[in-house]
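Summary of the model geometry
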Amino acid sequence: MRSYRAKYFDGETPSSVEVLVKINEAVLEISKDGRLLDTWPLKLLHRDPVHISVIVILCQGEPDARLEILEKDFLEEPQLKVKFKKEQPLQFKKSQVALWLSALVVAVGVVFLAVKPVTKMIARNISHAREKQMLGAITQLRPPTMCQLSVSQGIAFEKMLSKVYPLQEGDKDLGIEFHIIKNAQVNAFALPGAQIWILSGLLEKAQSPEEIVGVLAHEIEHVKQRHILESIVRSTLLTSLMAISVGDASAVLVVDPQTASQIFTLSFDREMEASADKGALSRLRQSKVSTQGIIDLFKRLDETGPASKIPEFISTHPAGKARIEMFEPYSIAADNKPILTSEEWKDLKRACH
């Protein structure tokens, strides 16, 4: 019986020892300097598939031990030849690997192309009750400080809002709730559950009611077109494919703090923003409100400084030259009557003080 040189790792010490191994009937004997160290039953042996260039033998029941055989003809032993042939590590040609990688890239591309239509379909089928659940999780995660408007401030806000909502067919069915939130960020955003939050920072930064009306028209369109739900679904779609495959579309919206926190970091894609802009423009034109207000706000915020200092409203709603140009032809309104008097506007701007 021939002996073969090998390195033996016992799994208890980090170093290996030079040993001789030989097959003796149904066992593999491991010895050093004529002293038997261990015996491994042949039926429990298998070759480690991770190692291709070297022969590494493992034994079931000895999870931390291994043998690195130093002589390749060890595998020619009759008892091992048939056994290890079945376990031979897969060796791929470069052309095969390249082909598989190409197929993987194509598959990933198909998935991403399918995301947009799939998210639209799912968002349309999520119930308003599920939206309300999501809203509840959000408000628990970040309880908002809602500004308490005086009677005169409430009248001024409703007067301003009435220019763009409810205005079009189906608006009353949306049931949108509007809240002014005490927060220094210059922002406004739509939330699931048909809510729109206007942060006090935006109200303070705005220089005319027309600016706020333009922002409201834009956010109303995000609610109407269910963009916030599409964004949530898109961000969780890949991890929710199993739930979708069994027909539970609402399972995409897992109402927990982690999902709720995503709302404050989500951004709408260019297609959604363009669609909301078109809808907002339609509302402003229908109500004969000049678009100069929203144009002025975009330009002023866009000129506040470097990207790191650009207010939140611009970072999540990029203005861009093309976007402003879309509103400019309608900056001269047919109705030049101010939405609010100067006294009403000043009073409303003090809402969160």
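Being a predicted model, the structure only gives us computed values, none of them experimental.

1. With respect to helix α4 (residues 151-161)
Looking only at α4, the buried set comprises Gln 153, Ala 156, Phe 157, Met 160 and Leu 161. Around the axis of α4, the buried residues are gathered within 130° of arc, so they sit on the same side. Turned more than 90 degrees from where α4 packs its buried face, Val 151 and Ile 155 sit exposed. As for α4, its buried residues are in contact with β8 (177-181), β10 (195-199), α7 (209-224) and α15 (342-349).

2. Description of the sheet that holds strand β6 (residues 55-59)
Across a sheet, paired strands are connected by hydrogen bonds in the backbone, their directions being either parallel or antiparallel. Pairing is antiparallel across the open sheet formed by 7 strands, whose spatial order is β4-β3-β2-β1-β7-β6-β5. Both edges of this open sheet fall to β4 (35-41) and β5 (45-47), since each of them pairs with a single strand only. This sheet shows a mean twist of 35° between the axes of neighbouring strands, independent of strand direction. Looking at chain direction, strand β1 (residues 4-9) and strand β2 (residues 17-24) are connected through 5 bridges and run antiparallel. Following the sheet pairing, Lys 7 is matched in β2 by Glu 18.

3. So, the pattern of salt bridges
When charged atoms on two side chains of opposite charge get close, those side chains can pair. Within this structure, the stated rule accounts for 9 salt bridges. We note a salt bridge from Arg 2 to Asp 73, for which the minimum N-O separation is 2.6 Å. With a gap of 71 residues between them, Arg 2 in the segment before β1 and Asp 73 in the loop between β7 (62-69) and α1 (78-86) connect regions that are remote in the sequence. Taking the relative accessible area as the measure of exposure, Arg 2 reaches 40% and is therefore partly exposed. Taking relative accessible area as the criterion, Asp 73 reaches 31% and is therefore assigned partly exposed. Note that Arg 350 and Asp 347 form a salt bridge whose closest N and O atoms lie 3.7 Å from each other. Relative accessible area serves as the criterion here: at 45%, Arg 350 is assigned to the partly exposed category.

4. Side note on the side chain of His 227
Relative to the elements of secondary structure, His 227 occurs in helix α8 (residues 227-236). Only 3.1 Å separates the side chain of His 227 from the side chain of Gln 225, close enough to count as a polar contact.

5. Observations regarding the packing of α4 against α15
Viewed as axis vectors pointing N to C, α4 and α15 meet at an angle of 110°, and their least axial separation amounts to 9 Å. By the angle between their directions, the pair α4 and α15 is classed as roughly perpendicular. Note on packing geometry: the crossing formed by α4 with α15 is left-handed. Where α4 approaches α15, its residues Ser 152, Gln 153, Ala 156, Phe 157, Lys 159 and Met 160 are matched on the opposing element by Glu 344, Trp 345, Asp 347 and Leu 348. Along the lines of polarity and charge, the residues of the contact of α4 with α15 split into 5 nonpolar, 2 polar and 3 charged.

6. Observations concerning the state of the cysteines
Here a disulfide denotes one covalent bond, and it connects the sulfur atoms of two cysteines. Enumeration according to the criterion identifies 1 disulfide in this entry. Here Cys 147 pairs with Cys 352 through a disulfide, and the sulfurs are 1.7 Å apart. Torsion about the S-S bond of the Cys 147 and Cys 352 cystine: about 105°, corresponding to right-handed handedness. Of this pair, Cys 147 sits in the loop between α3 (128-141) and α4 while Cys 352 sits in the segment after α15, and the two are 205 residues apart along the sequence.

7. Section: the pairing of strand β3 (residues 27-32)
In the sheet, β2 pairs with β3 via 5 bridges, with the strands oriented antiparallel. Of the residues in β3, the one forming a bridge with Lys 22 is Glu 29. The turn linking β2 back onto β3 is made up of 2 residues, and Glu 25 within it adopts a positive phi angle of 60°. The pairing of β3 with β4 spans 6 bridges and is classified as antiparallel. If you follow Ile 30 over to β4, its bridge partner there is Asp 38. Taking the residues that link successive antiparallel strands as the turn, the β3-β4 hairpin has 2 residues, and the phi of Asp 33 there is positive, at about 50°.

Rules behind the numbers
- Residues numbered from 1 in each chain as written.
- Predicted model: local features only at pLDDT ≥ 70, side-chain atom pairs only at ≥ 80, totals over all residues.
- Heavy atoms only, no water.
- Buried < 20%, exposed > 50% of the residue type's maximum accessible area, 1.4 Å probe, protein only.
- Helix = DSSP H or I, 4+ residues; strand = E, 2+ residues; numbered from the N terminus.
- Arc of directions from axis to C-beta.
- Contact = heavy atoms within 4.5 Å.
- Pairing = 2+ DSSP bridges.
- Axes fitted to C-alpha atoms, helices over the stretch in contact; angles between N-to-C directions.
- Salt bridge = Lys/Arg side-chain N within 4 Å of Asp/Glu carboxyl O.
- Polar contact = N/O pair within 3.5 Å; in protein donor to acceptor, adjacent residues only side chain to side chain.
- Parallel < 35°, antiparallel > 145°, perpendicular 65-115°, else oblique.
- Left-handed = near helix turned anticlockwise from the far one by under 90°.
- Nonpolar A, V, L, I, M, F, W, Y, C, P; charged D, E, K, R; others polar.
- Disulfide = S-S within 2.5 Å.

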